[in-house]
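# Reading the structure
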Amino acid sequence: KGGRGGDRGGFNKGGRGGFNKGGKRGLGARGGQKQLIEPFQRHPGVFISTGAKNDELATLNLTPGESVYGEKRISVEQKGSEEKLEYREWNPFRSKLAATIVHGVPDVYVKPGAKVLYLGAASGTTVSHVSDIVGTKGCVYAVEISPRSGRDLLEKSKKRPNIIPIIEDARHPERYRMMVGMVDVIFQDVAQPDQARIIALNAKHFLKPGGHFVIAVKANCVDSTASPETVFQIEKENLEKDGLTPEELVTLEPYQRDHCTIIGSFRASGGKSSSKKSSSKKPKASKEEDSDSSSDSSSSSDSE
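Quick summary incoming for the structure in this document.

Conventions we followed
Residues numbered from 1 in each chain as written. Predicted model: local features only at pLDDT ≥ 70, side-chain atom pairs only at ≥ 80, totals over all residues. Heavy atoms only, no water. Helix = DSSP H or I, 4+ residues; strand = E, 2+ residues; numbered from the N terminus. Areas by Shrake-Rupley, 256 points an atom, 1.4 Å probe, with all protein chains shown as cover. Pairing = 2+ DSSP bridges. Axes fitted to C-alpha atoms, helices over the stretch in contact; angles between N-to-C directions. Contact = heavy atoms within 4.5 Å. Salt bridge = Lys/Arg side-chain N within 4 Å of Asp/Glu carboxyl O. Buried < 20%, exposed > 50% of the residue type's maximum accessible area, 1.4 Å probe, protein only. Expected span 1.5 Å × (residues − 1). Core = buried A, V, L, I, M, F, W, Y, C linked by side-chain atoms within 4.5 Å. Right-handed = clockwise from strand over helix to strand, strands pointing away.

Secondary structure summary: the chain contains eight helices and 12 strands in total. Entry remark: accessible area of the chain is about 14,500 Å², with carbon and sulfur atoms responsible for 49%.

Moving on: the sheet that holds strand S11 (residues 244-251). Pairing in this open sheet of seven strands is mixed, and the strands run S8-S7-S6-S9-S10-S12-S11 from one edge to the other. What marks the edges here is a single partner per strand, and that holds for strand S8 (163-167) and S11. The mean angle between the axes of side-by-side strands here comes to 15°, regardless of whether they run parallel or antiparallel. Sheet topology note: the strand S10 (residues 207-218)/strand S12 (residues 259-266) ladder contains seven bridges and is antiparallel. Within S12, the residue paired with His-212 across the bridge is Ser-265. Each of strand S6 (115-119), strand S7 (139-144) and S8 touches helix H2 (residues 125-134); the most contacted strand, S7, lies at about 165° to it. Against the sheet, helix H6 (residues 228-241) makes contact with S10, S11 and S12, and its axis sits at roughly 160° relative to S11, the strand it touches most.

The next subject is the pattern of salt bridges. Applying the stated rule across the entire model yields 14 salt bridges. The salt bridge involving Lys-236 is made with Glu-240; its shortest N-O contact spans 3.4 Å. Of the two residues, Lys-236 and Glu-240 are both situated in helix H6; the distance of four residues between them amounts to about one turn of the helix. Exposure remark for Lys-236: the relative accessible area of 23% places this residue in the partly exposed category. The network of salt bridges with common partners includes Glu-71, Arg-88, Asp-132 and Arg-160.

Of all 10 residues in H2, 10 are buried; the element is thus mostly enclosed. With its phi angle positive at about 70°, Gly-135 sits one or two positions after the end of H2.

The next subject is helix H4 (residues 195-206). Because each turn of an α-helix spans 3.6 residues, side chains separated by three or four positions in sequence point in the same direction. Compared with the 16 Å implied by 1.5 Å per residue over 12 residues, the 16 Å span of H4 between its first and last C-alpha is a close match. Among the 12 residues in H4, nine count as buried, and that is most of the element. Residues of H4 that are buried: Gln-195, Ala-196, Ile-198, Ile-199, Ala-200, Asn-202, Ala-203, His-205 and Phe-206.

Bringing the sheet that holds strand S4 (residues 73-77) into the picture now. If you walk across this open sheet you meet the five strands as S1-S2-S3-S5-S4, and the pairing is antiparallel. The open sheet is flanked by strand S1 (36-39) and S4, the only strands paired with a single partner. Averaged over all pairs of adjacent strands, the angle between their axes in this sheet comes to 40°, without regard to strand direction. With three bridges connecting them, strand S2 (residues 47-50) and strand S3 (residues 56-60) associate as antiparallel partners. Note on S3: the bridge partner recorded for Phe-47 is Ala-58.

In globular proteins that are soluble, nonpolar side chains generally tend to be buried together. If you look at the biggest cluster of nonpolar residues, it comprises 33 residues, and the most contacted ones within it are Leu-57, Trp-90, Val-110, Val-127 and Val-130. Where this core is concerned, the elements lending two or more residues are helix H1 (96-102), S6, H2, S7 and strand S9 (183-188). The greatest single-element share of this core, amounting to five residues, is contributed by H1. Among all residues touching Val-130, those that are not within four sequence positions of it are Leu-97, Val-110, Val-116, Tyr-118 and Val-140.

It is a general feature of regular strands that their side chains alternate between the two faces of the sheet. One ladder, built from five bridges, connects S7 with S8; its direction is parallel. Bridge pairing in S8 links Val-140 to Ile-163. The β-α-β motif built from S7, the intervening helix H3 (residues 147-159) and the parallel element S8 has right-handed crossover chirality.

Next up, the structure:
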C-alpha cells in the first residue's frame, strides 16, 4: 500500500490527502493570527493547530512551560475557564512518526494510556511527543544504544516520569527484559541493515498477542545498491518471515527521503500460523510448543 511520495501526502482530517484544509502544502505556522487547537479524530492524543497560515500537528504538553528541543508552544484558553492548556508543535520533518501521521495512515496505535516500546530513542525528540500522547496512564520504554544521546534522554526522563530510559543495544532484548513489561505497540527507528530482525526479536519478548508495530525503514541503510521500492518490499517480506503481519506501507517523502513506514500486527487471531498448528498430525506436541512459546513471551516482560 502507498506509492512513492505524494499521493498520500498531508493532513486533511476527513480523508487521505492534504494536511491543510484549504489544500495548501507546507508546514510552519506564522504569527499574527489566533491559533486554535482541534483534536485529530483519527489519532487520539494528537491535535491540529489551526488559524495560522498552515495547520500543524501538536501534542498536549506533559510539562507545561517547557520546550524539549526548541519547538513552539501554544497556550489555549479553555471554554468557561481562565485556565490555559499548553500544546507543543510536532514537526514531521524532525519526526518519522509525525511524518507517518501526516501521510494519512488510519492508525499508529500510539494513544492515551498505551504502553510503548520505542527502539532507537536517540536524544528523545519524538519520544517526548509519544510521552505527551500516552500521558500519565501510559509509559514509554525508550531504548537507545548511544551513551551520548542516552545522557540527553536521561535528562528528559527526569521531568517526564512516564519515560523509562534504557541505554542498551536493541539487538539484545534479553539484556533489558527485566525492565520492560508487555507492551501494546513497538515503534522502531533504528538505521541498521538488520532492522527487521531487531523489531521481530523485541516483539517476541515484549509485544502482546494482537499488539502492533510501527517500523521506519531507511532504504540505504539496508541496501544502498537497490532502489528504495525494492528495499521496502524486501523488508516487508522479512517481517512476514519473522512472524509479523505487515498491514500498511507508506513512504515518507517529502519529509524523509528514501524512507518508509511499515505498520502491522503481531500474532493476530486467526493467523496462518495458528491454523497450521491446529491441523498438525501431532496435536499434543503442537499444544506443548504453543504453551512454551506463550510462556517465553510472558516471562520477557539516524533516529529522532
